[in-house]
Amino acid sequence: MGCLNLRLRELSGRWSALRNTPLGKTFPQTIALEGKLGLPTQIDLPSPLTLIFGLNGAGKSRILHEISASCQGCAVVSLNDLIYYLQNEVGKRNDIEDLIEENSPLSEDKVRASEVGDLVRRDYEDVKWYVVPIVDGPFQAIVGEDVVPIFTVKHAGQEYDFRSMGLGELSAHLLMWILAYTKGNDATPLLLDEPEAF
């Protein structure tokens, strides 16, 4: 039980750090909703990180989609769908190495290597995030550009990329990339659906 409590305290500290990251918007905010399907007509967002939780089937995703429909520039981000796209569409391309060679990695101040390393409990020797132009991908709705992220890392002397990452590791990189790439962009409030899935 002590290990579980320690892990919960660590996660609480990480969420607090994310919540306190300046995102370019002022809080609290109130978003007017259409009030469909018995939902309220407005919702208060007290901070940049607002959690909506409840039992399965309670309507959490429905609330996110209602907020997305009522909030100009909002998009519901499903890490499950994005990871599926990265693994099954992008990851199966034959030109990944060429895409990496043709594009420069993001600057180190954008790559949140220590934070993602802490989330997945890896002491990375190197982390590189690439932004690659690919048309008609799901990231356009999130970052406003036809791009996808490609992640490469070196850990314990082994170099690998997003195609070899486990779901939890890839989720952490993807979430931190989205936060870094959209930081300061007032037009892109992030509504994460089931970020804990992996």
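Presented here is an overview of the structure given in this document. (Residues numbered from 1 in each chain as written. Predicted model: local features only at pLDDT ≥ 70, side-chain atom pairs only at ≥ 80, totals over all residues. Heavy atoms only, no water.)

1. Points about the packing of helix α5 (residues 113-120) against helix α7 (residues 167-182)
- In the contact formed by α5 and α7, the axes pass within 9 Å of each other and the chain directions differ by 150°. Considering their axes alone, α5 and α7 lie roughly antiparallel with respect to each other. Between α5 and α7 the crossing geometry is right-handed. On the side of α5, the interface is formed by E115, V116, L119 and V120, while α7 contributes G168, E169, A172, H173 and M176. (Axes fitted to C-alpha atoms, helices over the stretch in contact; angles between N-to-C directions. Helix = DSSP H or I, 4+ residues; strand = E, 2+ residues; numbered from the N terminus. Parallel < 35°, antiparallel > 145°, perpendicular 65-115°, else oblique. Left-handed = near helix turned anticlockwise from the far one by under 90°. Contact = heavy atoms within 4.5 Å.)

2. A word on the side chain of D161
- The residue D161 is located in strand β6 (residues 158-161) in this model.
- The buried category is assigned to D161, whose relative accessible area is 11%.
- One polar contact links D161 to R163, side chain to side chain, over a distance of 2.6 Å.
- The residues touching D161, leaving out its near neighbours within four places in the chain, are I96, F151 and T152. (Buried < 20%, exposed > 50% of the residue type's maximum accessible area, 1.4 Å probe, protein only. Polar contact = N/O pair within 3.5 Å; in protein donor to acceptor, adjacent residues only side chain to side chain.)

3. Observations concerning the sheet that holds β6
- Ordered in space as β4-β5-β6, the three strands form an open sheet in which the pairing is antiparallel. What marks the edges here is a single partner per strand, and that holds for β4 (126-133) and β6. Pairwise comparison of adjacent strand axes, ignoring direction, gives a mean angle of 15° for this sheet.
- Inspection of the sheet shows strand β5 (residues 147-155) paired to β6 by four bridges, in the antiparallel sense. Paired with K154 across the bridge in β6 is E159. (Pairing = 2+ DSSP bridges.)

4. Quick look at the packing of aromatic side chains
- In total, this model carries three aromatic pairs according to the counting rule given.
- Seen in terms of ring centroids, Y85 and F139 are 6.3 Å apart; in terms of plane orientation they differ by 65°. Their pairing is edge-to-face. Here F139 lies in the loop between β4 and α6 (140-143) and Y85 lies in helix α3 (residues 79-90), a separation of 54 residues in the sequence. Taken as a pair, Y85 and F139 share a single burial class, namely buried.
- Both rings, one in F139 and one in W177, keep their centres 5.7 Å apart while their planes meet at 85°; by these two values the pair is edge-to-face. Remark: W177 occurs in helix α7 and F139 occurs in the loop between β4 and α6; sequence separation between them is 38 residues. (Phe/Tyr/Trp six-rings, centres within 6.5 Å; stacked < 30°, edge-to-face > 60°.)

5. Re α5
- The set of residues buried in α5 consists of V116, G117 and V120. End-on view of α5: buried residues confined to an arc of 105°, all on one side of the axis.
- Its buried side turned inward, α5 meets α7. (Arc of directions from axis to C-beta.)

6. Considering the packing of α3 against α7
- The N-to-C vectors of α3 and α7 enclose an angle of 105°; their axes lie 10 Å apart at closest approach. Classified by the angle their axes make, α3 and α7 are roughly perpendicular. From α3, L79, L82, I83, L86 and Q87 reach across to α7, where they touch L167, L170, S171, L174, L175 and I178.
- Residues belonging to the contact of α3 with α7 are distributed by class as follows: nine nonpolar, two polar and no charged. (Nonpolar A, V, L, I, M, F, W, Y, C, P; charged D, E, K, R; others polar.)

7. Regarding the nonpolar core
- Core analysis: the biggest nonpolar cluster contains 41 residues, and L86, F139, F151, L174 and W177 have the highest contact counts within it.
- The element contributing the most residues to this core is α7, with 10 residues.
- Not counting residues up to four positions away in its chain, the partners in contact with W177 are L106, W129, V131, F139, V143, V147, P149 and F151. (Core = buried A, V, L, I, M, F, W, Y, C linked by side-chain atoms within 4.5 Å.)

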